[in-house]
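# An overview of the molecular structure
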Amino acid sequence: MRPLPSKTGYFILEGSNSFATAYFFNYLMFLLRDAHGFSNLNNLAVGALHGLIYVGGSWFGGRFGQRQGYFRSLRIGFGGMAASLALGFAVPALWGQLAALGLWTITICFTWPMLEALVSENEPPSRLPHRVGLYNVVWAGMAALGFSTGGWIFERLGPKSLYWLPITIHLIQW
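Please read these numbers as outputs of a predicted model, since none were measured by experiment.

The rules behind each value
- Residues numbered from 1 in each chain as written.
- Predicted model: local features only at pLDDT ≥ 70, side-chain atom pairs only at ≥ 80, totals over all residues.
- Heavy atoms only, no water.
- Helix = DSSP H or I, 4+ residues; strand = E, 2+ residues; numbered from the N terminus.
- Rg over C-alpha atoms; globule rule 2.2 N^0.38 Å.
- Areas by Shrake-Rupley, 256 points an atom, 1.4 Å probe, with all protein chains shown as cover.
- Lys, Arg positive; Asp, Glu negative; His and termini not counted.
- Charge placed at Lys NZ, Arg CZ, Asp CG, Glu CD.
- Core = buried A, V, L, I, M, F, W, Y, C linked by side-chain atoms within 4.5 Å.
- Buried < 20%, exposed > 50% of the residue type's maximum accessible area, 1.4 Å probe, protein only.
- Contact = heavy atoms within 4.5 Å.
- Phe/Tyr/Trp six-rings, centres within 6.5 Å; stacked < 30°, edge-to-face > 60°.
- Lys NZ or Arg CZ within 6 Å of the ring centre and 35° of its normal.
- Salt bridge = Lys/Arg side-chain N within 4 Å of Asp/Glu carboxyl O.

Attention now goes to the overall build of the chain. Along the chain, the regular secondary structure elements total seven helices and zero strands. Helices and strands appear in the chain in the N-to-C order α-α-α-α-α-α-α. Taken over C-alpha atoms, the radius of gyration comes to 17 Å for the chain, in line with the 16 Å a tight globule of 174 residues would show. Once the C-alpha set of the chain is aligned to its principal axes, its extents read approximately 60 × 30 × 30 Å. On the chain, roughly 9200 Å² of surface is accessible, and the fraction owed to carbon and sulfur atoms is 69%. For the chain, the centre of its 11 positive side-chain charges and the centre of its 6 negative side-chain charges are spaced 8 Å apart.

Structural data, given as structure tokens:
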């Protein structure tokens, strides 16, 4: 039996994506509060809208990846995420921030289903639970890192880092 190829690269993509998305999404709420006067209720509504878009987008993104290929989907996702965040960077008005979030949410759905599929694909049944578990540990750990270090990053590098840092990560991923 020949050894399975390493999937380390997929886990690196997943971890960096998790960090960038956690930093952007969590700290966008602080930006909306500080720059646009959002209340907690307003931010909850933004979070709910994000979730609603994500539900439909992930279904579409998963189907797209199955039909068009995982790597094509990842390129669209990473490139789209960077472009969406560039919109938010360029248009600080509220409509620019909300449009960037909506587009970013749609394009993120071209990444997560594909990354999970890539780490699971061709795994023997005995190793599949381990791979999926590792996927979830990497995802959760890097999201926690993005959340827990995000305040320091946001304060030290400024609110614009909410855009340029994830844009840089997504362009490297692309």
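A separate point is the nonpolar core. Counting residues in each nonpolar core, the largest one holds 37 residues, and the members touching the most others are Tyr23, Phe24, Leu28, Leu101, Trp104, Leu162 and Tyr163. At the level of secondary structure, the elements contributing two or more residues to this core comprise helix H1 (8-36), helix H3 (70-90), helix H4 (94-108), helix H5 (112-120), helix H6 (128-157) and helix H7 (161-173). Residue contributions to this core peak at 12 residues, all from H1. Other than its neighbours up to four places away in sequence, tryptophan 104 contacts Thr21, Phe24, Phe25, His50, Met81, Ser84, Leu85 and His170.

Bringing the packing of aromatic side chains into the picture now. Counted according to the given criterion, the structure contains 11 aromatic pairs. Between phenylalanine 24 and tryptophan 104, the ring centres sit 4.8 Å apart and the planes meet at 65 degrees, which makes this aromatic pair edge-to-face. Placement of phenylalanine 24 in helix H1 and of tryptophan 104 in helix H4 is noted, with a sequence separation of 80 residues between them. Both residues of the pair, phenylalanine 24 and tryptophan 104, belong to the buried class. Residues tyrosine 27 and phenylalanine 147 carry aromatic rings whose centres are separated by 6.2 Å and whose planes lie at 35 degrees to one another, so their mutual orientation is tilted. Placement of tyrosine 27 in helix H1 and of phenylalanine 147 in helix H6 is noted, with a sequence separation of 120 residues between them. Exposure remark for tyrosine 27: the relative accessible area of 8% places this residue in the buried category. Judged by relative accessible area, which is 46%, phenylalanine 147 ranks as partly exposed. Taken together, the ring pairs in this structure connect Tyr23, Tyr27, Phe30, Phe147 and Phe154 into an aromatic cluster. Its guanidinium or amino end placed over the ring of phenylalanine 89, lysine 160 lies 4.9 Å from that ring's centre, counting from NZ or CZ.

Enumeration according to the criterion identifies five salt bridges in this entry. Linking arginine 127 and glutamate 123 is a salt bridge whose minimum nitrogen-to-oxygen distance equals 3.3 Å. With a closest N to O distance of 3.2 Å, arginine 131 and glutamate 123 form a salt bridge. Note on accessibility: arginine 131 and glutamate 123 belong to one class, buried. When salt bridges that share partners are traced, they join Lys7, Glu123, Arg127 and Arg131 into one network.

Take valine 91: it is sitting in the loop between H3 and H4. Beyond its immediate chain neighbours, meaning those up to four positions away, valine 91 contacts Gly96 and Gln97.

Next up on the list: the side chain of arginine 131. Within the secondary structure, arginine 131 sits in helix H6. Among all residues touching arginine 131, those that are not within four sequence positions of it are Lys7, Phe11, Val119 and Glu123.

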